[in-house]
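Coordinates in review
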Amino acid sequence: MVIVAPVPMEWTITGSLDCSKHTERQPAANGHEYRMTTDHRQLANAIRALSMDAVEAANSGHPGMPMGMADVATVLFTQYLKFDPAWPQWPDRDRFVLSAGHGSMLLYSLLYLTGYEKPTLEDIKNFRQLNSPCAGHPEYGEIPGIETTTGPLGQGLAMAVGMALGERIMNARFGDGLVDHYTYVIAGDGCLMEGISHEAISMAGHLRLGKLIVFFDDNHISIDGPTELAVSDNQLERFESHGWHVQGIDGHDPQAIAAAIEAAQADGRPSLIACRTTIAYGSPNKAGTAASHGAPLGAEEIELTRKELGWPYPPFEIPDEVLKGWRAAGKRAAGAVAAWKDRHAAAPSKADFDAAMAGEIPADLDQAINRLKASISADGKAVATRKASQNALEVINPVVPFTVGGSADLTGSNNTLTKDLGIIEPGNYDGRYIHYGVREFGMAAAMNGLALHGGIIPYGGTFLVFSDYARPAIRLSALMGQRVIYVMTHDSIGLGEDGPTHQPVEHLASLRAMPNLNVFRPADAVETAECWALALKAKDRPSVLALTRQGLPVVRTTHTDENLSARGGYELKAADGAAVVTLMATGSEVAIALEAAGRLDADGIATRVVSLPCWELFAEQDTAYRDATLGKGTLRVAIEAAASLGWERHVGEDGLVIGLDRFGRSAPYKDLYEHFGLTADKVVSTVKDRLG
């Protein structure tokens, strides 16, 4: 833990972050006071002014929240937050998550004022404009200091749970000297109304994530009007029931804010600080009203607000003495950074720590995967791809020490746990497997947080049909380019008796429609191993592994070290002679295509088979390769136990798709394949009918 010296109310720094000691901060009773002075008000008013000016210039945005939470943010950033604008990626910085992402001008103001390279004042003047890094909601990667993309309410809070858990996991592995920081969150009423908040706060309380501190902007206002229109929850009692430390304070009293932060730091539980604030604080006519939530205040009201706040400066002008104070706050961590660098240089685990933070896959993974592939091809044993995935993980997890697995209460079905990983439990984070419980959305968001924290490659399992529950977080994985691996088993009607509620139909098409997401559906255990290797190496995007419940024969019976799945699609079987027909499939239907091709060949219809385990990687190949692989000039027939949507791009206007454009039924899987015509007999008869 880090002791943080306060910024004096003058504009000079007499204290600094002391990272040479790792002792608990004493609670507010130690005599520390944050004195309410004009200087504090001016620091906070700089945030308010920039926020209302930027929203007014854009004629779009949310000025009320930044104006209301300016006091909380000022105390946090000038006294407690451990950060360094000169090194935004400092591994041991505190994480700050603006879960209420609509209030993005709060964060942009703080980053500018404390001295980050970006945003500049010009960037802020171009708030919400094309190519401005100051987007409507904070976007990860646009500006250093933005820890995560937020805006979809509740997800920031849930990702912060993952970040806080990541800190504990990395701390357990590398110790206080390298990893010892807090995760702070600002969340609004909307974040706490969203259902994911329940999953997130339950998980955090259960795991006793004591370095997670959430500020609840309790301003009683939503877009429609007073929050009492829709909600009457007692949030303090709600969080307390989940095992959190809770406090309620005046969010405009800097002494109370400082005391609450110290009390939260001194407690071993995650903490909620409910800050009673006034939205658009300082606005004579719009403070405390929904009118300030999502619209500019208006030029006349802004002038009145300047007078009310005692801020006589023109738009976007920050007086030198105020900017000097903020920039001094941004330099507080210089000593802490230097001390951390010394500890890092001397740490015996330095190389392992750096490798984990870099996220580079060890070079010997390919050799391990190739040994596994060779043994599968030689053995020839039929196995479900969910089991093949577990077999691959038994090889991967010892070689890649920073994978952290888990499941949403389906460990035995998803086959995501391998031997010797160790279970992460409340107060014991020296493991690599998380029981997420029945929290698919919370799991996916937490995995985003783990990936964003750094040092961890998260993977987690559930049924493919429940990707619907996780989809908003998967979308943020893709938007942020995070390496998060979703192990989605029971991928079709092949799961059998559980019936249409659990049988995915439209899910593959839906996930394939998402940009920057690799969707893998391997045909056998060999392709499964290859797809795992590709998912691990894809540092700039998430992956979904769609895996079967039912056993599948080995279709890759001849070993090659080449990862054939890397091109997304490839010819698995050549035709006997000049090809007339190309059968293409994914997953469990590749074996059906092979059987049908053999029978068509026997009947004198030369047929080739193409496996397409990843459409996204296939789309990245050059046109010549795609045309050759798909068999341009042949009758192209696609086979997949899923919605036919999307296959038209591969089969062409004259091609055929044998798919499933209706919900499934409850029955043994072999009966279902027969019932829905997903058989080699059906493929053969369909091809012959078309050829005449």
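For the structure given in this document, a descriptive report is provided here. (Residues numbered from 1 in each chain as written. Predicted model: local features only at pLDDT ≥ 70, side-chain atom pairs only at ≥ 80, totals over all residues. Heavy atoms only, no water.)

1. Observations concerning the sheet that holds strand E3 (residues 95-98)
- One open sheet holds the five strands; their spatial order is E3-E4-E5-E7-E6, and the pairing between them is parallel. One side of each edge strand has no neighbouring strand; the edge strands of this open sheet are E3 and strand E6 (245-250). Shown here is a sheet whose adjacent strand axes are inclined to one another by a mean of 20°, direction ignored.
- By the bridge criterion, six bridges tie E6 to strand E7 (residues 271-276) in an arrangement that is parallel. Along E7, the bridge assignment pairs Val246 with Leu272.
- Packed on one face of the sheet, helix H6 (residues 155-174) meets E3, strand E4 (183-188) and strand E5 (212-218) and runs near 165° to E4. (Pairing = 2+ DSSP bridges. Helix = DSSP H or I, 4+ residues; strand = E, 2+ residues; numbered from the N terminus. Axes fitted to C-alpha atoms, helices over the stretch in contact; angles between N-to-C directions. Contact = heavy atoms within 4.5 Å.)

2. Quick notes on the layout of surface pockets
- Here the largest pocket is characterised by a volume of approximately 470 Å³.
- Around the largest pocket, the lining comprises 26 residues; the ones closest to its centre are Tyr140, Ala451, Leu452, Gly454 and Gln482.
- For the lining of the largest pocket, the secondary structure elements donating two or more residues are helix H14 (350-358) and helix H18 (440-453).
- Grouping the constituent residues of the lining of the largest pocket by class yields 12 nonpolar, nine polar and five charged. (1 Å grid on protein atoms, 1.4 Å probe; cavity = no way out; pocket = protein on both sides within 12 Å on 5 of 7 lines; lining within 4 Å. Points joined across faces, edges and corners; volume = space filled by probe spheres on them. Nonpolar A, V, L, I, M, F, W, Y, C, P; charged D, E, K, R; others polar.)

3. Regarding the side chain of His293
- Here His293 shows up in the loop between E7 and helix H11 (299-309).
- When its relative accessible area of 12% is taken as the criterion, His293 is described as buried.
- In this structure His293 touches Gly61, His62, Pro63, His102, Ile221, Ser222, Ile223 and Ile279, once residues within four positions along its chain are discounted. (Buried < 20%, exposed > 50% of the residue type's maximum accessible area, 1.4 Å probe, protein only.)

4. Comments concerning helix H16 (residues 385-399)
- Between its terminal C-alpha atoms H16 stretches 21 Å, which fits the 21 Å expected from 15 residues at 1.5 Å a residue.
- At Leu393, H16 shows its strongest bend, of approximately 30°. (Expected span 1.5 Å × (residues − 1). Bend = angle between axes of the 7 residues up to and from the residue.)

5. What to know about the packing of H6 against H14
- As a packed pair, H6 and H14 sit with axes 11 Å apart at the nearest point and diverge in direction by 155°. The angle between the axes of H6 and H14 places the two elements in the roughly antiparallel class. By crossing handedness, the relation of H6 to H14 is classed as right-handed. When H6 is examined against H14, the residues Met170, Arg173 and Phe174 are found in contact with a partner set consisting of Asp352, Phe353, Ala356 and Met357.
- Counted by class, the contact of H6 with H14 contains five nonpolar, no polar and two charged residues. (Parallel < 35°, antiparallel > 145°, perpendicular 65-115°, else oblique. Left-handed = near helix turned anticlockwise from the far one by under 90°.)

6. Here's the deal with the packing of aromatic side chains
- Summed over all chains, the structure comprises 17 aromatic pairs.
- Between Tyr108 and Phe127 the ring centres are 6.1 Å apart and the planes differ by 70°, which places this aromatic pair in the edge-to-face class. Of this pair, Tyr108 sits in helix H4 (residues 104-114) while Phe127 sits in the loop between helix H5 (121-125) and H6, and the two are 19 residues apart along the sequence. Side by side, Tyr108 and Phe127 carry an identical accessibility label, which is buried.
- Sitting over the ring of Tyr112, Arg327 keeps its end group 5.2 Å from the ring centre.
- Above the plane of the ring of Tyr625 lies Arg567, whose end atom (NZ or CZ) is 3.6 Å from the centre. (Phe/Tyr/Trp six-rings, centres within 6.5 Å; stacked < 30°, edge-to-face > 60°. Lys NZ or Arg CZ within 6 Å of the ring centre and 35° of its normal.)

7. Observations concerning the nonpolar core
- Core analysis: the biggest nonpolar cluster contains 109 residues, and Leu165, Leu209, Leu212 and Trp532 have the highest contact counts within it.
- When residues in this core are grouped by element, the largest group, 11 residues, is from H6.
- Judged by nonpolar contacts, the second largest core, of 59 residues, contains Leu107, Leu110, Ile143 and Tyr184. (Core = buried A, V, L, I, M, F, W, Y, C linked by side-chain atoms within 4.5 Å.)

8. Let's talk about the environment of Asp420
- With respect to the helices and strands, the residue Asp420 is situated in the loop between helix H17 (411-414) and strand E10 (433-435).
- A relative accessible area of 76% places Asp420 in the exposed class.
- Put simply, Asp420 and Leu645 are 225 residues apart on the chain and 42 Å apart in space, counted from C-alpha to C-alpha.

9. Looking at the pairing of E6
- Along E6, the buried face is formed by His245, Gln247 and Ile249; none of Val246, Gly248 and Asp250, which line the opposite face, is buried.
- In this fold, E6 hands off to helix H10 (residues 254-266), which returns the chain to E7; that crossover is right-handed. (Right-handed = clockwise from strand over helix to strand, strands pointing away.)

10. Quick look at the pattern of salt bridges
- According to the stated counting rule, one finds 28 salt bridges in the structure shown.
- Arg306 is the partner of Glu303 in a salt bridge, and the nearest nitrogen-oxygen pair spans 3.5 Å. One end of the pair, Glu303, and the other, Arg306, are both in helix H11, three residues apart, so they sit about a helical turn from each other.
- In this structure Arg306 comes out as buried when scored by relative accessible area, which is 5%.
- In this structure, Arg608 and Glu571 form a salt bridge, with 2.7 Å as the shortest nitrogen-oxygen distance. Pair noted here: Arg608 is in strand E18 (residues 607-611) and Glu571 is in strand E16 (residues 570-573), with a separation of 37 residues, a long-range link.
- On the basis of relative accessibility, which here comes to 39%, the residue Glu571 falls in the partly exposed class.
- One continuous salt-bridge network, built from bridges that share partners, spans Asp491, Arg512, Arg521, Glu589 and Glu640. (Salt bridge = Lys/Arg side-chain N within 4 Å of Asp/Glu carboxyl O.)

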